[in-house]
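Tertiary structure, described
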Amino acid sequence: MILYHGSYTEVIRPDILHSRRNVDFGQGFYTTPLREQAEKWCKKFKDRGQDAVVSVYRFAEEKLKEYKILKFESYSEEWLDFILNCRRGEDTSDYDIVMGGVANDKVFNTVELFFDGLIDKGEAIKRLRYERPNMQIVFRTQKVIDACLRFERGERL
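So, here is what we can say about the structure in this document. Please read all numbers here as calculations on a predicted model, not as lab measurements.

Observations regarding the packing of aromatic side chains
Applying the stated rule across the entire model yields 8 aromatic pairs. Between Phe25 and Phe72, the ring centres sit 5.9 Å apart and the planes meet at 25°, which makes this aromatic pair stacked. Of this pair, Phe25 sits in the loop between strand E1 (2-7) and strand E2 (29-31) while Phe72 sits in the loop between strand E4 (69-71) and helix H2 (77-88); the two residues are 47 residues apart in sequence, bridging distant segments of the chain. Residue class for Phe25 comes out buried when judged on its relative accessible area of 0%. Centre to centre, the rings of Phe29 and Tyr57 are 5.6 Å apart; their planes meet at 85°, and the pair counts as edge-to-face. Residue Phe29 is found in strand E2, and its partner Tyr57 is found in strand E3 (residues 53-59); the two are separated by 28 residues along the sequence.

Comments concerning the state of the cysteines
With the rule as written, the count across this model stands at 0 disulfides. Lacking any disulfide linkage, Cys86 is separated from the closest cysteine sulfur, that of Cys148, by 20 Å. A relative accessible area of 2% means that Cys86 is categorised as buried.

A look at helix H4 (residues 121-128)
For H4, the full list of buried residues reads Ala124, Ile125 and Leu128. One side of H4 holds all its buried residues, which, seen down the axis, span an arc of 95°. With a side-chain oxygen lying 3.2 Å from the backbone nitrogen of Gly122, the N-terminal cap of H4 falls on Asp120.

Brief notes about the nonpolar core
Counting 20 residues, the largest nonpolar core has Phe25, Phe72, Trp79, Leu80, Phe82, Val98 and Phe114 as its most contacted members. Mapped onto this core, the elements with two or more residues apiece are H2, helix H3 (105-115) and H4. Here this core gets 6 residues from one element, more than from any other, and that element is H2. If near-sequence neighbours (up to four positions away) are discounted, Phe72 is found in contact with Phe25, Glu78, Trp79, Phe82, Val98, Met99 and Gly100. By size, the runner-up hydrophobic cluster in this structure holds 18 residues, among which are Tyr57, Ile137, Val144 and Cys148.

A few points about the sheet that holds strand E6 (residues 136-139)
Across the sheet, which stays open at both edges, the 4 strands sit in the order E2-E6-E5-E4 with mixed pairing between neighbours. Each edge of the open sheet is held by one strand with a lone partner, namely E2 and E4. Going across the sheet, the axis of each strand differs from the next one's by a mean of 15°, ignoring polarity. One ladder, built from 4 bridges, connects strand E5 (residues 97-100) with E6; its direction is antiparallel. If you follow Val98 over to E6, its bridge partner there is Val138.

The rules behind these values
- Within each chain, residues carry numbers counting from 1 in the order of the written sequence.
- Only residues with pLDDT of at least 70 are given local features in this predicted model, and only at 80 or more are side-chain atom pairs given and counted; all residues enter the totals for whole chains, interfaces and linings.
- Excluded from the side-chain calculations are hydrogens and water; all other atoms, namely the structure's heavy atoms, are used.
- Two aromatic rings, drawn from Phe, Tyr or Trp (for Trp, its six-membered ring), form a pair once their centres lie within 6.5 Å of each other, and the interplanar angle then sorts them: stacked below 30 degrees, edge-to-face above 60, tilted otherwise.
- Put simply, DSSP marks the helices as runs of H or I at least four residues long and the strands as runs of E at least two long, and each gets a number from the N terminus on.
- Per-residue accessibility, obtained with a 1.4 Å probe over protein chains only, is compared with the maximum for each type, and a residue is labelled buried under 20%, exposed over 50%, and partly exposed between these values.
- Cysteine sulfur pairs qualify as disulfides if the two atoms are within 2.5 Å.
- In this description, one arc is meant: the one made by directions from the helix axis to the C-beta atoms.
- Counted as a polar contact is a pair of N or O atoms within 3.5 Å, where, for protein atoms, one must be capable of donating a hydrogen and the other of accepting one, and residues adjacent in sequence contribute only when both atoms are in side chains.
- Here, nonpolar core refers to any group of buried Ala, Val, Leu, Ile, Met, Phe, Trp, Tyr and Cys residues whose side-chain atoms link them within 4.5 Å.
- What makes two residues a contact is simply this: any of their non-hydrogen atoms within 4.5 Å.
- Strand pairing is defined by DSSP finding a minimum of two bridges between the two strands.
- In this description, a line fitted to the C-alpha atoms serves as the axis of each element, helices being fitted only across the stretch in contact, and the angle between N-to-C directions of two axes falls anywhere from 0 to 180 degrees.

The analysis is restricted to geometry; functional conclusions fall outside its scope.
Have a look at this one:
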């Protein structure tokens, strides 16, 4: 499988040390199988006048069975709980890889409304079900990055 990562620079040797902690699926190296999504991630860099580069990786899916994986098939109560725990810095799970939908701007707004107590969990899930699905695959340990991702090329936008 081919995966993409959007950044201001080519990322030849991905690591988890350069990632923020309190994001959707916690600290890790964020990728997507959707090139269009990686290009959207680059938009913030282009908007700041920086370079924008989509790094392309070969993902060794056959090795997945060796690692602890959490996969969200859809926006759900479990997905929302996991996102909230990660964003609060309260995630204590030990997953090597987490896969699932991205909390994009519209999704994030719904999550914030719930987080602030302005809507309940049921209403949040109801709103999220109408969002266009997307996908992020987050590598949360260096061992899985080293074993499963191979850099192929960087493409400047």
